[in-house]
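# Coordinate analysis (summary)
Next come the chains, spelled out residue by residue.
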Amino acid sequence: MSAVQEAVTDAPAVEAIPKRALTLGTGTSLVVLALLIAAPLFVKNFIIFQMTMLLVYGLAVLALNILTGGSGQFSLGQSAFYAVGAYTSAILMEHAGMNYALTLPIAGIICFAFGFLFGQPALRLSGVYLALATFALATAMPQLLKLGYFEHWTGGVQGLVVTKPDAPFGLPISQDMWLYYFTLVITIAIYIFSVNLLKSRSGRAFMAIRDNEIAASAMGIDVALYKTLAFGVSAGITGVAGGLGAIAVQFVAPDGYTITLAISLFLGMVVGGVGWLPGSIVGSAFIIFVPNIAEGISKGLSGAVFGVILFLVIFLVPHGARQVALVAQHLLGKLKKSQKT
Amino acid sequence: MHSRPNFLLAAFATTVIALTSTADSAFAQKKYDTGATDTEIKIGNIMPYSGPASAYGVIGKTEAAYFNKINAEGGINGRKINFITYDDGYSPPKAVEQARKLVESDEVLLVFNPLGTPSNSAIQKYLNGKKVPQLFVATGATKWNDPKDFPWTMGWQPSYQSEARIYAKYLMKEKPGAKIAVLFQNDDFGKDYLKGLKDGLGTKASMIVAEESYETSEPTIDNHIVKLKASGADVFLSITTPKFAAQAIKKLAEIEWKPLHIVSNVSASVGGVIKPAGFENAQGILSAAYAKDGADPQWDNDPGMKKFLAFLEKYDPDANKLDGSVVYGYGAAQTMVKVLQMCGDNLTRENVMKQAASLKGFAPDTLLPGVTINTSPTDFAPIDQLQMMRFKGEKWELFGDIISGELSN
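Residues numbered from 1 in each chain as written. Chains lettered and ligands numbered in written order. Predicted model: local features only at pLDDT ≥ 70, side-chain atom pairs only at ≥ 80, totals over all residues.

### Remarks on the domain arrangement of chain B
One can read the domain layout of chain B as domain 1 (30-158 + 302-378) and domain 2 (160-289 + 387-404). Residue composition of the side of domain 1 of chain B that touches domain 2 of chain B, by class: five nonpolar, five polar and no charged. (Domains from an automatic or database assignment. Nonpolar A, V, L, I, M, F, W, Y, C, P; charged D, E, K, R; others polar.)

Put into C-alpha cells, the structure is as follows:
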C-alpha cells in the first residue's frame, strides 16, 4: 500500500515533465512492440482476431485520451465518430468497390471534419455540459443510421456485410493475421503521430487549455481553434479505428454503435490512465477481456461482477494503468539502486 | 473470399475425405467433425443475457435446462450435450467475437439458436464460410430461408412474412371486399411483414387503402391512427411491437373506430399488451399463434404441456411458465435434440445440416396441435403454419384450420 501512496504523491512531479509522462521508455516500448509483433505467430486465428480488436479499440481509446487527457474536454459521443468511420469504410468498400486501405484515410478525414464541426457549438459548453452534448450525439447516431433516406447506402437496420481482405502479394498468411499486422502498422503510426502531436506546440496548447483556459488565452493561445482542433483530431482517429473495426468484424449495423460503446471507450480511458497514451491499450484490453472474465465467473450476474471488478480497479489504482506502471518503475529503480550498493 | 482457404480447414477437409473414403467400406462407421466425440456433442449458442434485449436471455437458460434434462436421461445415443452459451449484449461486433470463440476456441460442432436479427446477420457470412451450421436462429426475419446462398443457416419460428400471408389469406376468404389500413413499425420487422402481406394479397394488393409507418422513438402513434381512420378502412392491421400495439388498441376505443382489428403475433401477449390496453377494448381482436400459451388453462390436460410443466418443475423451477420465451426455448431445444438423434453416429457438420433439412411432421410438445416442423433441402423454414385466434373475455380462442404461410404461387 505504501508504494501506491508514494506513486500517487509522485505523480504530480512527473506530470511537470510531460514528455516523459506521455510515453514509455524506449526499452519498454521495444519490448511491447516485439511482443505485439511476435504474439500472433503462436496463437489461434481467434486470438489474433481478438488482438486486432484490442488494437482497434486501443486506437479509439487513444483518440479519446487526446481529447480528454490532452485538451481536458469530455466526450461520451465517441461511438458516433466510430460509427461514421465504420460506415464510411463499409459503404466505400461495398458500394464503390474501393480498396479497404484507401477507405481508412477517407474515414479519418470525414470524421475529422465531422468532429471539427461538432466542436464549434461544443465550444460554448464545458465539463458535464459538454459530456451531455456529446452523449446526445451518441444516442442519436444509431437512429440516424436507420433513417430511410440513407437506407440505400447504409442497409438500414440490416446493416452491411463487409468482405474481409486477403493478404496482398500472395503472402502465405491468413486473413486474420494480415489484418492484424495491417492494423498494427496503422496503430503504431497513429501512436507516434499522437505522441508527437502532444509534444508539439499544439499539444502544449491543448494542455495549457486543459490546465487553465483563461491563463492559456492570456498567453496568446487561440482557445477556440485548439479546442475544436482537439475534437477534430480525436474524431479523425476514432474514425480510422471505426473503419478498421468494420473490416475486422466484417459487418456494420446501427446496433453495434450504441451509447454502450461510447461508455466502454470512456471506461477504457480511465482504466488506462487519463492522459497517458500507452495506457490506451491497457484500457482497451480491460473493455474487451474483463466482460468475458466476468461472464466466466457468473452468467446471470456478469454485469454485477464486471461492476465489482471495475470498482476495485478504480478504488485501488485510481490513476489506472499509469499508476501501476509508475509503481513498477519505482520498484525497478529501487532494485537497481540496491544492486549498486 | 475463398481464394485463400484456411490451412487448418484444408487439412481438416482432407482428413474428412480420408475418413469418408475409409468409412464407406465399413458398415455404420462412426463419423465425427470437430465438436463431436464418442461421449460428447458440443453445441454453441449466443444470447443477449445483458443489454437492451436481455429479456430474451430466458431462452438460453431454458435451453440449457432442457439439455441438462437430456443429459440426465442418458444423453443422445450415449453422448452428453455440452451446451456453451455466451453473452453478446445484442451487439453485432460482440456476436462476431463470441461466434469465433465458439468455433475456433471451444470448437463446437454447431451454433444453435443465436438470437437477434442484427447478431445473426453479423455472423452468417463467417459461419457459412467456415461451413459451421447456424441452426434454428432465433429471429423472425425471412432472409434465413435461403439455402442456395447460405446453405449452413436455418431459421426456426414462422417468419414475419409467413404470418402476414396468413392474414392475407384469411382476409381474402372471409372479407373479400375489405379495405385494409396498415400501421407498421419502420424497421426490418415492419417492412418484412408488409412485404408478406402484399405478396399474400397478390393481385388483390389494392385492398390496402392506407399505410402509415411509425418510428420506435415516437412517444405515441395517435395521429397515425386518426389518419388511418379517415381513410375509411374497415380492417386495421397493426404491425407493431407490444408498447405500440397496446396504444393502438386503446386509441381505437377512444375514437370509437371499430374495424376488424388484427395484431401481429409479436404483440399478442395477454399480459404485455391486452391487459394494459384493457380487456374491454380488446374484444374480437384477431391474431395468429403457432405455440401453446403457458397461461391458457385449455392446455392444462394436454400431454405435451404436461411434459413441459413437469420439465419446468424438475429442471428449471425458477422459470415463469407465462413467459413466451420459456415455451420458445423448450421447443427450439427439442428440435435440436431431434436433429441430433436423427444424425445417429454420423455427427459431421454436413450430416447435421442434411438431417435438419429432412425434418418431416415433427411436433415439439409446445407447438399447437397440427402445427408441425417440415424442412427440405430447398425449404429452410421449419415452422410456417399458424392458427388464427380471436380474443374473447380474458383470453385468446383459437379458431379455423391450421394455415400455412407458404406462398402458393
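Back to the text.
### Section: the packing of helix α5 (residues 78-94) of chain A against helix α6 (residues 100-122) of chain A
Residue and element names in this part refer to chain A. α6 packs onto α5 with a crossing angle of 145° between their chain directions and a minimal axis gap of 8 Å. Relative to α6, the crossing made by α5 is right-handed. Mapping the contact onto sequence places Phe81, Val84, Gly85, Thr88, Ser89, Leu92 and Met93 in α5 and Tyr100, Thr103, Leu104, Ile106, Ala107, Ile110, Cys111, Phe114 and Gly115 in α6. Of the residues assigned to the contact of α5 with α6, the class counts are eleven nonpolar, five polar and no charged. (Axes fitted to C-alpha atoms, helices over the stretch in contact; angles between N-to-C directions. Helix = DSSP H or I, 4+ residues; strand = E, 2+ residues; numbered from the N terminus. Left-handed = near helix turned anticlockwise from the far one by under 90°. Contact = placed C-beta atoms within 7 Å.)

### A closer look at the sheet that holds strand β2 (residues 40-47) of chain B
Residue and element names in this part refer to chain B. Here four strands make up an open sheet; going across it, the order is β3-β2-β4-β5 and the pairing parallel. Strands with a single pairing partner mark the edges of an open sheet, and in this sheet they are β3 (80-87) and β5 (134-135). For β2 and strand β4 (residues 110-112), the ladder comprises two bridges, and the chain directions are parallel. By the bridge assignment, isoleucine 43 is partnered in β4 with leucine 110. (Pairing = 2+ DSSP bridges.)

### Some thoughts on unusual backbone geometry
Both trends apply: most residues other than glycine have a negative phi, and most peptide bonds are in trans. Residue and element names in this part refer to chain B. The residue lysine 131 is not glycine, and still its phi comes out positive at about 60°. Among the secondary structure elements, lysine 131 is positioned in the loop between α4 (117-130) and β5. Despite not being glycine, phenylalanine 136 shows a phi value in the positive range, around 55°. Along the chain, the position of phenylalanine 136 falls in the loop between β5 and α5 (160-174).

### Considerations on the pairing of strand β8 (residues 235-239) of chain B
All names here are of chain B. Taken across its five residues, β8 has five buried, putting it largely inside the fold. What you see with β8 is no split at all: Val235, Leu237 and Ile239 on one side and Phe236 and Ser238 on the other are buried throughout. With four bridges connecting them, β8 and strand β9 (residues 260-263) associate as parallel partners. Along β9, the bridge assignment pairs phenylalanine 236 with histidine 261. Handedness of the crossover joining β8 and β9 through helix α8 (residues 242-254) is recorded here as right-handed. (Buried ≥ 20, exposed ≤ 12 C-beta atoms within 10 Å, placed from the backbone. Right-handed = clockwise from strand over helix to strand, strands pointing away.)

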